[in-house]
Amino acid sequence: MKLASNTPDWVLAALEERRQQDLMRRTITLDSPQIPHTKIYSQNYTAFCSNDYLGLANHPKLIKAMNNTAEAYGVGGGSSHLVCGHLAPHQALEEALADWLGYERVMLFSTGYMANLGVISALADKNRPVVQDKLNHASLIDGALLAQAPLRRYLHGDVESAQKLIARSAPGGLLITDGVFSMDGDIAPLSELSQLANQHDWMFVVDDAHGLGCLGENGRGCLALEGLDATSLPVLVGTLGKAFGTAGAFVATSNDYADYLTQFARPYVYTTAMSPAIAGATLASLQLIQSAEGQERRDRLARHITYFRQRVQSLPVELMPSNTAIQPIVIGDSKAAIQISEQLKTLGIWCTAIRPPTVPIGSARLRITLSAAHSDEDLVLLCDSLEKVLTAKLLNAERLNPK
Ligand SMILES: *Cc1c(COP(=O)(O)O)cnc(C)c1O
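Predicted model only: the values in this text are computed from it and were never measured.

## A look at the pairing of strand E2 (residues 43–47)
- Bridge count for strand E1 (residues 37–40) against E2 is 4 bridges, and the pairing is antiparallel. Residue His37 lies in a different strand from E2, and its bridge partner there is Thr46.
- Hairpin connection between E1 and E2: a loop of 2 residues separates the two successive antiparallel strands, and Tyr41 in this loop has a positive phi of roughly 45°.
- Two strands pair when backbone bridges link them, and E2 and strand E11 (residues 349–350) are joined in this way by 2 bridges, in the parallel orientation. Among the inter-strand pairings, Thr46 is bridged to a residue of E11, identified as Ile349.

In structure tokens:
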């Protein structure tokens, strides 16, 4: 039954515009856990677009830890951390994360989006400007908007461009970057940016959503890769919904910053604590990440990345300069990107096309993500299928190559 609609015209017009531009988005329903061999609308696919980089989202140890913690501490947090929602599993997870990364304190947030809103809206304001990379995650941009801070964005990965913008801004601001860029997979020049921030007496904030767990010694992410620590990187944001395989996020920082954020980060103060059962599962995940099994998973992921790049090199597309699990193939046109994604589907490969405004206009892409949960056979299937689709006559190489 269709109800009489009183949807305003501007809503319908906005939807129609998205449709016309091949930019309409909708959810799809997976009838399986988050695993590579997934079932979508009764069809079997091998998926290459999840952020479950280490294959922990469906790991038996996490499931068991979640069940055990739920038995002991229940499901709901029940209130914010500051009222009575901070339970023993939250505290244990915060302490373990702080130990792992070498920070005085860790604070849990309900999502990475909220962590970034919280940190930036608390630390920036009209007089404390924000300078950040052009390709930073949307939540970092939105944090600066929420703070009502002057916001300037430097050329991607360009330290000189960042320096110019800092020189033009009021003193004492925030320099903010993704560690691994979420849509390109490359890594920011963190040690140079850290020095730049230090020279100008600015705060340096890094969001390492895609590096933590996957990269560096013990999976400590970009921090370990670039030789940074709690002094050179005073505020580090990490998310738990990617390599950790659970949900939520955290900020690793000093006692003083943590005390300050506890007072002034509104997305921390005015929201319910994450489920204690999720905290229990995440603690199991962290133990796994630090174990020999975690290292094996990182090694397998690295082998997949090497194999993928070798194979795609010979195809009529350009690889991005990425050595991480994020291996995008830029198609350019949104319609062409959807077409390629559909053709891959007929070969049993699921990889959603990523279109503007998530990526810049004219750079729609297949954001292929690799996982330790993929087998060598999965990688062969992916590369064989890409070869078939990308060299097919119906798509000429020029259109595929935006440059
Ligand atoms: C995914 C992501 C976030 C958001 O984290 P959620 O926990 O999914 O809200 C923040 N920053 C970056 C760089 C991300 O890729």
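## Re the sheet that holds E2
- Taken in spatial order, the 3 strands of this open sheet run E1-E2-E11, and their pairing is mixed. Bordering the open sheet on either side are E1 and E11, each of which pairs with just one other strand.

## Some remarks on the pattern of salt bridges
- Overall, the coordinates contain 9 salt bridges when judged by the stated rule.
- Note that Asp259 is salt-bridged to Arg105, the shortest N-O span being 3.3 Å. In this pair, Asp259 is assigned in helix H10 (residues 255–264) and Arg105 in strand E3 (residues 105–109), connecting sequence segments 154 residues apart.
- Salt bridges linked by common partners bring Arg311, Asp384 and Glu387 together as one network.

## What about the site of the ligand?
- What surrounds the ligand is a group of 14 residues, the closest being Gly112, Tyr113, Asp207, His210 and Lys242.
- In this structure, Lys242 approaches the ligand through a side-chain N or O atom, which is 2.7 Å from an oxygen atom.
- If the ligand stood free it would expose 380 Å²; the protein chains cover 81% of that surface.
- Tallying contributions element by element places helix H5 (residues 112–123) first for the shell around the ligand, with 3 residues.
- For the shell around the ligand, the per-class residue count stands at 2 nonpolar, 9 polar and 3 charged.

## Some details on the state of the cysteines
- This structure, assessed with the given rule, holds 0 disulfides.
- For Cys222, which is in no disulfide, the shortest distance to another cysteine sulfur is to Cys214 and amounts to 9.8 Å.

## What to know about the pairing of strand E9 (residues 249–253)
- Taken across its 5 residues, E9 has 5 buried, putting it largely inside the fold.
- Burial of E9 is two-sided: the residues Ala249, Val251 and Thr253 facing one way and the residues Phe250 and Ala252 facing the other way are all buried.
- As judged from the 5 bridges shared by E3 and E9, these two strands associate in the antiparallel manner. Counted as the bridge partner of Phe109 is Ala249 from E9.

## Overview of helix H6 (residues 138–147)
- Taken together, the buried positions of H6 are Ser139, Leu140, Ile141, Gly143, Ala144 and Ala147.
- Elements that come into contact with the buried residues of H6 comprise H5, strand E4 (130–133), strand E5 (151–154), strand E6 (174–178) and strand E7 (203–207).
- Positive backbone phi, approximately 55°, marks Gln148, located one or two places after H6.

## Let's talk about the side chain of Asp184
- Summarising the element assignment, Asp184 is placed in the loop between E6 and helix H8 (190–200).
- Beyond its immediate stretch of four places on either side in the chain, Asp184 contacts Leu135, Met320, Ser322, Ile326, Pro328 and Arg365.

## Section: the side chain of Glu94
- With respect to the secondary-structure elements, Glu94 resides in helix H4 (residues 88–101).
- Here Glu94 occupies a buried position and makes no salt bridge, while the nearest side chain of opposite charge, Arg105, is found at 5.9 Å.
- Looking at Glu94, its side chain comes within polar contact range of the main-chain nitrogen of Leu108, at 3.0 Å.
- If we skip the residues at most four places from it in the chain, Glu94 touches His86, Val106, Met107 and Leu108.

## As for the packing of aromatic side chains
- This structure, assessed with the given rule, holds 4 aromatic pairs.
- Arranged with centres 5.0 Å apart and planes meeting at 70°, the rings of Tyr45 and Trp350 form a pair that is edge-to-face. With a gap of 305 residues between them, Tyr45 in strand E2 and Trp350 in strand E11 connect regions that are remote in the sequence. Residue Tyr45 shares its accessibility class with Trp350, and that shared class is buried.
- The ring of Trp350 is capped by Lys345, whose NZ or CZ atom sits 4.5 Å from the centre of that ring.

## Details of unusual backbone geometry
- Here the amide bond leading from Pro356 into Pro357 is cis, since omega sits at 5°, within 30 degrees of zero.
- Turning to its location among the elements, Pro357 is positioned in the loop between strand E12 (353–354) and strand E13 (364–369).
- In this structure, Tyr41 takes a positive phi of about 45° despite not being glycine.
- Relative to the helices and strands, Tyr41 is located in the loop between E1 and E2.
- For Asn218, which is not a glycine, the phi torsion comes out positive at approximately 60°.
- Within the secondary structure, Asn218 is located in the loop between E7 and helix H9 (222–225).

Reading the values: the criteria
- Residues numbered from 1 in each chain as written.
- Predicted model: local features only at pLDDT ≥ 70, side-chain atom pairs only at ≥ 80, totals over all residues.
- Heavy atoms only, no water.
- Pairing = 2+ DSSP bridges.
- Helix = DSSP H or I, 4+ residues; strand = E, 2+ residues; numbered from the N terminus.
- Salt bridge = Lys/Arg side-chain N within 4 Å of Asp/Glu carboxyl O.
- Near = heavy atom within 4 Å.
- Polar contact = N/O pair within 3.5 Å; in protein donor to acceptor, adjacent residues only side chain to side chain.
- Areas by Shrake-Rupley, 256 points an atom, 1.4 Å probe, with all protein chains shown as cover.
- Nonpolar A, V, L, I, M, F, W, Y, C, P; charged D, E, K, R; others polar.
- Disulfide = S-S within 2.5 Å.
- Buried < 20%, exposed > 50% of the residue type's maximum accessible area, 1.4 Å probe, protein only.
- Contact = heavy atoms within 4.5 Å.
- Lys, Arg positive; Asp, Glu negative; His and termini not counted.
- Phe/Tyr/Trp six-rings, centres within 6.5 Å; stacked < 30°, edge-to-face > 60°.
- Lys NZ or Arg CZ within 6 Å of the ring centre and 35° of its normal.

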